[in-house]
Structure formats: structure tokens, C-alpha cells
Amino acid sequence: MTRVQLRFRCSNLKKMDHLSESDPFVQVFLRQRSQGDFREIGRTETLKNNPNPEFQTAVELEYSFHELQELRFVVSDSDGARSASKLIGSVETNLANILTQPGQRFVGKLTTPKASDRRGTLFVTATPFNAETARTFSICFRGEKLDKKDLLGKSDPFFVISRKEEGVVDSHAWTQVYKSETIMNTLDPAWKAFTLTDTAICGGRAHVPLRIDVFDWDRFSPPELIGSATTTLEALMGLAADRGALDLINAKKQQKGGGLFSSKYTNSGRLFIDTCTPRPGPFSLYDYLRGGLEVGVVVAIDFTGSNGDPRDWQSLHYLDRREPANLNPYQRVIAAVGSILSCYDADQ
């Protein structure tokens, strides 16, 4: 079964709140063929005060080549659980159109029926995958000797993993796939372990470039970059096996330090890859059989009174002793299922 994972980011969203930026989220609607109307199939998280959000929550749907899968994306400003959200804008397309774009990325201008002003831009990146073969990875990072960014403290670091979209060459070529929690006031953070599928990380292609950015969180200003590293899923697995680390490089500090070959600047800290291993499974029945699984067939019959007296030919339990080949419904089901399962029963 082929499924498609959709990820979202927006730019220059219209400010809907008087005193702050919008708190946007994205809803995804799929047109139903039978009724002809749109039904919501998923939504992202809400990001506070962000006109240029990169959403971490992806929305998945099954891919049907033989159908026109019409989609509507609605971006709204959340006003909390007690108030109705305000529409920022929407855009419609279909799944085939997204999949045939360079990098499988759709770019749409958000509009509203009653307004002609600029509402912002929505970027949708699609990643097809086979749900039966996708691997789940357990990953754990920690940092050492990160740069100090806070005047009165150390740093409040978090990291973001982004993947490079093949065929996309503009400034939006990187798609965020994971954002960690923030650890307060430390230069040696040990972040919580997390799990991601290889579909989410790199579209199932271990050689796709990944960028890991480590930021310092600030309450009243945008996050400040500590340093970045470029790698691949394949390289991360190797680093985890060797207890290796990546140098975090801040390009601005590197340039001030005299350039690429300067001895004055080494790095802005190191990112250690403690774990990056695929979890076992998911397994098919064939995998279990190859591992030695044996199937034992056990049959139980419920002689409920509503089925009638078994001596009555109309009963579901009636046994025709004159014509044993005339099986009752229970016997037919047992024979049909048992003929398949018995092949896997070692002692028959």
C-alpha cells in the first residue's frame, strides 16, 4: 500500500491579531467522491506568534493512482479553545499535481473569497512511502561545549532536523522533519530520545542530505543559531556505531575568525550521536514463519440455543448422517479456514 506524507510550511502570513502575530495551523481536506464535499483528514499543531511557521506534524493519506484526489488546505489563526479560529486563507490542488512538481513540492498563494489582500504562501511537500516497509529509527543526540549565547546564563539549546528536497534549488529547499525540546541553561544538553520513520527523515533514501541546526531559545526574541552540521541518515548510523560526533559550525563566526582554514575558530560545540538505530519490524507473517513460528489450529463451537435443536434439519448444527457430504454452515467454515491453516500446522 502506497501512502503519502504531507508536510507544511508558510511564509509571510497575514497578521490577524492586533497585539501579536498570528497563531497559525493548517487543516487538510479531501474531497469525497460519493458526496462531492470535502472532509477533514488531518491538521498540524498550532505555532504561537509565527508568520513563517514550519510545522512538525505531518498529514498522511492513501495514494490512489486511478482517482483524482482533490485537496483543500486551510490556514487559520487559532484564538484558543474557547474562541473560533480566524481564516487566514486557503488553496486547492490535487495530489497528482503535488507529486509531479519539482521536488514533489507545491507552492500556493493563500486567498479568501471576500478579500484580495496578500494572505501569505503555503508550501506543501509530499513524500510517498510504502507503509509495510518503512523503518522506524530510535535516535538520541547530546551536545558538548556549545557556545554561550545568554548574557546572564549559558544557553537554552534545542535542535531542528531538516532534509534537502531533491530537485529544489531555492531558499526553501530544506523541509523541517523534527524539532526537539528545549533544555534550559546548559552548554552540555542531553536531549530526550525520539523515534522517526526513515520516510519522515529522508523519504526512505539514506543518502539524502540532512541538516541539523542547534539554536538558543529566547523568550522575547527569535531563536539564535549556535551552529549547524550537514550529514545523512547513513552517516548518522555510522557515527552512532562509532560513538562519533559532528562539529557544529556557525558560518558567521567562522568568517569572522578568518575563513575556512583559520586556526582561530574550530566549532561552536559538538553534537554526539548516541543512538541512531532502526527498530526491528514491522514483520510480515512470512518473517515469523521463517523465524520458526508454528500454527496450531484449534476450533471452538458455540452451541447457542438460538440456532435450534441440532436434530432439526433447519438448525445450523444439524448433522446429515444420511448424506455426510452435506455440511452444515459451521462445518463449511471450519473446512474452508482449516484447509488453509492446516498447511502451517506442523503435526497436522
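Residues numbered from 1 in each chain as written. Predicted model: local features only at pLDDT ≥ 70, side-chain atom pairs only at ≥ 80, totals over all residues. Heavy atoms only, no water.

*Asks:* Looking at this model, I keep getting lost on the overall build of the protein chain. Mind explaining?
*Replies:* Of the regular secondary structure elements, the protein chain holds 6 helices and 16 strands. A globule of 348 residues ought to have a C-alpha radius of gyration of about 20 Å, yet the protein chain, at 28 Å, is considerably larger. Seen through its principal axes, the protein chain has C-alpha atoms that stretch 100 × 60 × 40 Å. The 348 residues of the protein chain split such that 40% are buried. Partitioning the intrachain contacts of the protein chain with sequence separation of at least 6 by distance along the chain shows that 63% fall at a separation of at least 24. Here the protein chain has roughly 20400 Å² of accessible surface; of this, 52% comes from carbon and sulfur atoms. A distance of 7 Å separates the average location of the 43 positive side-chain charges in the protein chain from that of its 43 negative side-chain charges. (Helix = DSSP H or I, 4+ residues; strand = E, 2+ residues; numbered from the N terminus. Rg over C-alpha atoms; globule rule 2.2 N^0.38 Å. Buried < 20%, exposed > 50% of the residue type's maximum accessible area, 1.4 Å probe, protein only. Contact = heavy atoms within 4.5 Å. Areas by Shrake-Rupley, 256 points an atom, 1.4 Å probe, with all protein chains shown as cover. Lys, Arg positive; Asp, Glu negative; His and termini not counted. Charge placed at Lys NZ, Arg CZ, Asp CG, Glu CD.)

*Asks:* Explanation requested: the pairing of strand β16 (residues 270-278) in the structure shown.
*Replies:* Regular strands have side chains that alternate between both faces of the sheet. Two strands pair when backbone bridges link them, and strand β9 (residues 136-144) and β16 are joined in this way by 8 bridges, in the antiparallel orientation. Bridge pairing links F137 to P278 in β16. Examined bridge by bridge, strand β15 (residues 245-247) and β16 share 3 bridges and lie antiparallel to one another. Each residue of the ladder has a partner; that of A245, found in β16, is F272. (Pairing = 2+ DSSP bridges.)

*Asks:* Before we go on, may I ask you to explain a nonpolar patch on the surface in this structure?
*Replies:* Among the surface-exposed residues, V297, V299, I301, F303, V333, I334, V337, I340, L341 and Y344 lie close enough to one another that they form a single nonpolar patch of about 860 Å² accessible area. Of the residues examined, Y344 reaches a relative accessible area of 39% and is grouped as partly exposed. (Patch = residues over 30% accessible without salt bridge, like charges linked within 9 Å, V, L, I, M, F, W, Y side chains within 5 Å. Salt bridge = Lys/Arg side-chain N within 4 Å of Asp/Glu carboxyl O.)

*Asks:* Can you help me understand the pattern of salt bridges in this one?
*Replies:* If charged atoms from side chains of opposite charge come close, those side chains can pair. What the rule picks out here adds up to 17 salt bridges. Salt-bridge contacts for E144 lead to R142; the nearest nitrogen and oxygen are separated by 2.8 Å. On the basis of relative accessible area, E144 is assigned to the partly exposed category, the value being 30%. Among the residues examined, R142 registers a relative accessible area of 26% and is labelled partly exposed. The partner of R163 in a salt bridge is E165, with the nearest N and O atoms 2.9 Å apart. E165 matches R163 in its accessibility class, with the two residues each being buried.

*Asks:* Would you take a moment to explain helix α6 (residues 329-341) for this structure?
*Replies:* Structurally, the α-helix is built with 3.6 residues per turn, so residues lying three or four positions apart point the same way. Here α6 spans 18 Å end to end across 13 residues, near enough to the 18 Å set by a 1.5 Å rise per residue. The residue sitting at the N-terminus of α6 and contributing the capping side-chain oxygen is N328; that oxygen lies 3.0 Å from the backbone nitrogen of Y330. (Expected span 1.5 Å × (residues − 1). Polar contact = N/O pair within 3.5 Å; in protein donor to acceptor, adjacent residues only side chain to side chain.)

*Asks:* Help me understand the pairing of strand β10 (residues 157-164), please; the structure alone is not making it clear to me.
*Replies:* Where burial is concerned, most of β10 is hidden: 7 out of the 8 residues are buried. The pairing of β10 with strand β13 (residues 210-216) spans 7 bridges and is classified as antiparallel. Across the sheet, F158 pairs through a bridge with F215, a residue of β13. Note: β10 against strand β11 (residues 174-179), 5 bridges, orientation antiparallel. Following the sheet pairing, V160 is matched in β11 by K179.

*Asks:* What am I meant to see in the sheet that holds β11 here?
*Replies:* Hydrogen bonds between backbone groups are what pair the strands of a sheet, and the pairing can be parallel or antiparallel. Taken together, 4 strands build an open sheet; the order of strands is β11-β10-β13-β14 and the sheet is antiparallel. Two strands bound the open sheet, and with one partner strand each, they are β11 and β14 (224-231). Between one strand and the next, the sheet's axes are offset by a mean angle of 25°, whatever the strand orientation. (Axes fitted to C-alpha atoms, helices over the stretch in contact; angles between N-to-C directions.)

*Asks:* Looking at this structure, I do not really get the layout of surface pockets. What am I missing?
*Replies:* A probe as big as a water molecule, rolled over the atoms, marks out the empty space that is left. Computed from the structure, the largest pocket encloses a volume of approximately 1000 Å³. Lining the largest pocket are 32 residues, with N50, N52, F158, K179 and P223 sitting closest to its centre. Partitioned by chemical class, the residues of the lining of the largest pocket number 11 nonpolar, 12 polar and 9 charged. (1 Å grid on protein atoms, 1.4 Å probe; cavity = no way out; pocket = protein on both sides within 12 Å on 5 of 7 lines; lining within 4 Å. Points joined across faces, edges and corners; volume = space filled by probe spheres on them. Nonpolar A, V, L, I, M, F, W, Y, C, P; charged D, E, K, R; others polar.)

*Asks:* Even after reading the chapter, I still don't get empty space enclosed by the protein, so can you show me in this structure?
*Replies:* In the structure shown here, the tally under the stated rule is 1 cavity of 30 Å³ or more. What lines the largest cavity is R7, F8, R9, E54, F55, F123, T125, W174, T175 and Q176. Where the lining of the largest cavity is concerned, the elements lending two or more residues are β1 (2-11), β8 (121-130) and β11. In the lining of the largest cavity, the residues fall into 4 nonpolar, 3 polar and 3 charged.

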